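What follows is the residue order along each chain.
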Amino acid sequence: MPYRSSAYLVKYKEDFYRLYHVHYQQYPDDCMENIYWLEKAVQADFANPLYADIKITSEKQWEKYRYLYQMHLNLKLIEQHLRLGRIYDKQVAYFYDAPWKDEYIRDLEKAISCYRAGLYYWQEAELWAEKANAPSFNFLHLTELHFWEDERERIKTGELNYDRMLRREITRVENVKARFEQMDSYRY
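The model shown is predicted, which means the values in this text are computed figures rather than measured ones. (Residues numbered from 1 in each chain as written. Predicted model: local features only at pLDDT ≥ 70, side-chain atom pairs only at ≥ 80, totals over all residues. Heavy atoms only, no water.)

1. Quick word on the confidence of the model for the protein chain
Here comes step 1: In this model, the protein chain carries a mean pLDDT of 91, and residues with pLDDT of at least 70 account for 94%.
Here comes step 2: Per-element averaging of pLDDT across the protein chain places helix α1 (residues 13–19) at the bottom with 91 and helix α4 (residues 101–132) at the top with 96. (pLDDT = per-residue confidence, 0-100. Helix = DSSP H or I, 4+ residues; strand = E, 2+ residues; numbered from the N terminus.)

And the structure:
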């Protein structure tokens, strides 16, 4: 007799986050799939605290859990946009790339677009980290989410700063794009 499995409706943040996964070799479609699931997770409601990813015993824990979850989702969205941008990023404009400069320029514009999208998610991650850093949470650490607590602390101290990295990448890519635009495709 065949095994009958039951389907369940994916509608909560935690459910969408479980669909996010990183491949060893990540292609553009994989990044875009992850971005899709993470954006759905950001927009979705939280499951009941009984079904949270950790054991919740108080309203304060529940509040901090929600802030950390939102912060973490936005950080993962930044990472996926960085991965996607790096797929299209041409690090250096060599003189012998001149015949394909139009294709490279299009790819560099995609990379810049990905990096700029990451800036939006960084602002969101900072906002949620700031909420999780409220004085009322000073002695409340969700030990089951210690990696997320580390991310929060690194944002607070400035050790984790995607804004600086993304702006540096955008400037670098714009410079590479400018070099391509100055190239003469008939003399290389």
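2. Description of the packing of helix α3 (residues 59–88) against helix α5 (residues 146–157)
Here comes step 1: Two numbers describe how α3 lies on α5: the axes approach to 10 Å, and their chain directions differ by 75°. The orientation of α3 with respect to α5, classified from their angle, is roughly perpendicular. Across the interface between the two elements, Lys-64, Leu-68, Tyr-69, Met-71, His-72 and Leu-75 of α3 pack against Trp-148, Glu-149, Glu-151, Arg-152 and Ile-155 of α5.
Here comes step 2: Class assignment of the residues belonging to the contact of α3 with α5 gives a composition of 6 nonpolar, 1 polar and 4 charged. (Axes fitted to C-alpha atoms, helices over the stretch in contact; angles between N-to-C directions. Parallel < 35°, antiparallel > 145°, perpendicular 65-115°, else oblique. Contact = heavy atoms within 4.5 Å. Nonpolar A, V, L, I, M, F, W, Y, C, P; charged D, E, K, R; others polar.)

3. Here's the deal with the packing of α3 against α4
Here comes step 1: Between α3 and α4, the least distance of the axes is 8 Å, while the angle of their chain directions is 165°. Looking at the two axes, α3 sits roughly antiparallel to α4. For the element pair α3 and α4, the recorded crossing hand is left-handed. (Left-handed = near helix turned anticlockwise from the far one by under 90°.)

4. A short note on the nonpolar core
Here comes step 1: Counting residues in hydrophobic clusters, the biggest one holds 55 residues, and the most contacted among them are Tyr-65, Leu-75, Ile-78 and Tyr-162.
Here comes step 2: Residue assignment for this core shows that the elements contributing at least two residues are α1, α2 (28–43), α3, α4, α5 and α6 (162–182).
Here comes step 3: Excluding its chain neighbours within four sequence positions, the residues that come into contact with Tyr-65 are Glu-14, Phe-46, Ala-52, Asp-53, Ile-54, Ile-56, Leu-142 and Leu-145. (Core = buried A, V, L, I, M, F, W, Y, C linked by side-chain atoms within 4.5 Å. Buried < 20%, exposed > 50% of the residue type's maximum accessible area, 1.4 Å probe, protein only.)

5. Observations concerning the environment of Glu-59
Here comes step 1: Tracing the sequence through the fold places Glu-59 in helix α3.
Here comes step 2: In this structure, the C-alpha to C-alpha distance between Glu-59 and Leu-9, residues 50 residues apart in sequence, is 26 Å.

6. Brief notes about the pattern of salt bridges
Opposite charge on two side chains makes pairing possible when the charged atoms of those side chains draw close.
Here comes step 1: Enumeration over the complete set of coordinates arrives at 15 salt bridges.
Here comes step 2: Between Lys-177 and Glu-109 there is a salt bridge, with its nearest N and O atoms 3.4 Å apart. Here Lys-177, found in helix α6, pairs with Glu-109, found in helix α4; they are 68 residues apart in sequence, far enough to count as distant.
Here comes step 3: The exposure class assigned to Lys-177 is buried, which follows from its relative accessible area of 19%.
Here comes step 4: Of the residues examined, Glu-109 reaches a relative accessible area of 40% and is grouped as partly exposed.
Here comes step 5: Between Arg-152 and Glu-149 there is a salt bridge, and its shortest N-O distance comes to 2.9 Å. In this pair, Arg-152 and Glu-149 both sit in helix α5, 3 residues apart, roughly one turn of the helix.
Here comes step 6: One salt-bridge network, held together by shared partners, links Lys-64, Glu-149, Arg-152 and Glu-153. (Salt bridge = Lys/Arg side-chain N within 4 Å of Asp/Glu carboxyl O.)

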